[in-house]
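An overview of the molecular structure
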Amino acid sequence: MAEAGISFRKEYGQNFLTNRMIPEEIADSCADEEDSLILEIGPGIGCLTKELAARYKRVVAVEIDKGLIPVLDKTLAEFDNITVINDDIMKIDINALVSEYSEGMPVSVCANLPYYITTPILMRLLESGVKFASITVMVQNEVAARLAATPGSADYGAITAVLGFYGTVRRLFKVSAGCFVPAPKVDSAVVRIDLYDEPRYKPDDEHLFRGLIKAAFEMRRKTLQNAISAKFPQYPKEKILFAIRSIGYDERVRGEKLSTEDFVNLANKLV
Ligand code: SAM
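So, here's what we can say about the structure.

Calculation criteria
- Residues numbered from 1 in each chain as written.
- Predicted model: local features only at pLDDT ≥ 70, side-chain atom pairs only at ≥ 80, totals over all residues.
- Heavy atoms only, no water.
- Helix = DSSP H or I, 4+ residues; strand = E, 2+ residues; numbered from the N terminus.
- Contact = heavy atoms within 4.5 Å.
- Salt bridge = Lys/Arg side-chain N within 4 Å of Asp/Glu carboxyl O.
- Buried < 20%, exposed > 50% of the residue type's maximum accessible area, 1.4 Å probe, protein only.
- Core = buried A, V, L, I, M, F, W, Y, C linked by side-chain atoms within 4.5 Å.
- Lys, Arg positive; Asp, Glu negative; His and termini not counted.
- Polar contact = N/O pair within 3.5 Å; in protein donor to acceptor, adjacent residues only side chain to side chain.
- Pairing = 2+ DSSP bridges.
- Axes fitted to C-alpha atoms, helices over the stretch in contact; angles between N-to-C directions.

1. Thoughts on the environment of Leu 147
Within the element layout of this structure, Leu 147 appears in helix H6 (residues 141–147). Taking C-alpha positions, Leu 147 is 27 Å from Lys 269, a pair spaced 122 residues apart along the chain. In contact with Leu 147, not counting residues within four places along its chain, are Leu 122, Val 139, Ile 159, Thr 160, Leu 163, Val 169 and Val 191.

As structure tokens, then:
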């Protein structure tokens, strides 16, 4: 980077992995098929990108920072199966990108995500409609705990319940802050989401299903009945209670106890 006359850009969440072991381990665990297209978000200076290219058929890496492109040209010069695209993952057409490069291969995402924008990136990937086989991301340790939490635990949140709609989540391993340059303030962890081949849940009203999760976690300290009633005044309280009881809970339950499936069933009962 010094050679290229550039420095770290904090606004892009640039904390780069510099040892080899962690990128190797992430690359090893991010996809099952060698013949895969890997979409990497934020290649940085290319430490993880290299390891992905060594293991999988094709890598497409989207990097927002134009200044890093000449650095990547150098660090990735030995590989002919990598395409680096200078763009913003929040703006690029992910569907078009994947169709252009996948050639029928399974597609997985692998990224050491910029921490300022972890959840929006995850949601954009999941809502893109692309049939990813898996999404493996390094995130802050506490975010990893949230993503992989079980219903009723302190870490369980709206994002956990929403993720359950798309697939299953595993926390793979922790990575200490010292493995990055510059070192972030907190440790990180790698999380893998395996997406369902076919949608596992088909709520009658998906908008309501998502709305219930939002209501439950925005008003975490209220009972679920009161949280739903505040957000959806069109449903009389006794109907809400009837729906809650018919999925096996009582009037005192809080939303944080409900699994993704419970939220789907609750939405269906309300409909
Ligand atoms: N993959 C590298 C590594 O592991 O060393 C870099 C990871 S660094 C935490 C995050 C990277 O994402 C940076 O290179 C940053 O410039 C890039 N980035 C940040 N926001 C982005 C966005 N919206 N779209 C694409 N890349 C982005």
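There's plenty left to go through after this.
2. Observations concerning the pattern of salt bridges
Taken as a whole and assessed by the stated rule, the structure comprises 19 salt bridges. Here Asp 32 ties to Arg 192 by a salt bridge, and the two come within 3.2 Å at their closest N and O atoms. With Asp 32 in the loop between helix H1 (21–29) and strand E2 (37–41) and Arg 192 in strand E9 (residues 188–195), this residue pair connects regions lying 160 residues apart in the sequence. Take Asp 32: its relative accessible area is 66%, and that puts it in the exposed class. The class of Arg 192 is buried, set by a relative accessible area of 5%. Several salt bridges converge on common partners, so that one network encompasses Arg 20, Glu 24, Asp 28, Glu 51 and Arg 55.

3. A few points about the nonpolar core
With 67 residues, the main nonpolar core has Ile 94, Leu 125, Phe 132, Ile 135, Leu 212, Phe 263 and Leu 266 as its most contacted residues. Apart from the residues within four sequence positions on either side, Ile 94 is in contact with Leu 39, Ile 89, Arg 124, Leu 125, Ser 128, Val 130 and Phe 132.

4. Focus: the side chain of Asp 262
Looking at the secondary structure, you find Asp 262 in helix H11 (residues 260–270). With no salt bridge to any partner, buried Asp 262 finds its closest opposite charge in Lys 257, at an N-O distance of 11 Å. Of the polar contacts made by the side chain of Asp 262, one reaches the side chain of Tyr 249; its length is 2.6 Å. A polar contact is formed between the side chain of Asp 262 and the backbone nitrogen of Ser 259, at a distance of 3.0 Å. In this structure, Asp 262 is in contact with Ile 247, Tyr 249 and Lys 257, ignoring residues within four places of it in sequence.

5. What about unusual backbone geometry?
Of note, the amide linkage connecting Val 181 to Pro 182 takes the cis form, showing an omega dihedral of -15°. Here Pro 182 is to be found in the loop between strand E8 (180–181) and E9. If you check the backbone angles, Glu 103 has positive phi at about 45° while not being a glycine. By the secondary structure assignment, Glu 103 is in the loop between helix H4 (94–102) and strand E5 (107–112).

6. Some details on the sheet that holds strand E7 (residues 167–175)
Reading across the sheet, the 7 strands line up as E4-E3-E2-E5-E6-E9-E7 and stay open at both edges, with mixed pairing between neighbours. Of all the strands in the sheet, just strand E4 (82–86) and E7 have a single pairing partner and so form its edges. Strand-to-strand twist in this sheet, taken as the mean axis angle between neighbours without regard to direction, amounts to 20°. As defined by bridge partners, E2 adjoins strand E3 (residues 58–63) across 5 bridges and the pair is classed as parallel. Bridge pairing in E3 places Leu 37 opposite Arg 58. Running over the sheet, helix H5 (residues 118–127) touches E2, E5, strand E6 (134–140) and E9 and is turned about 175° from E6.

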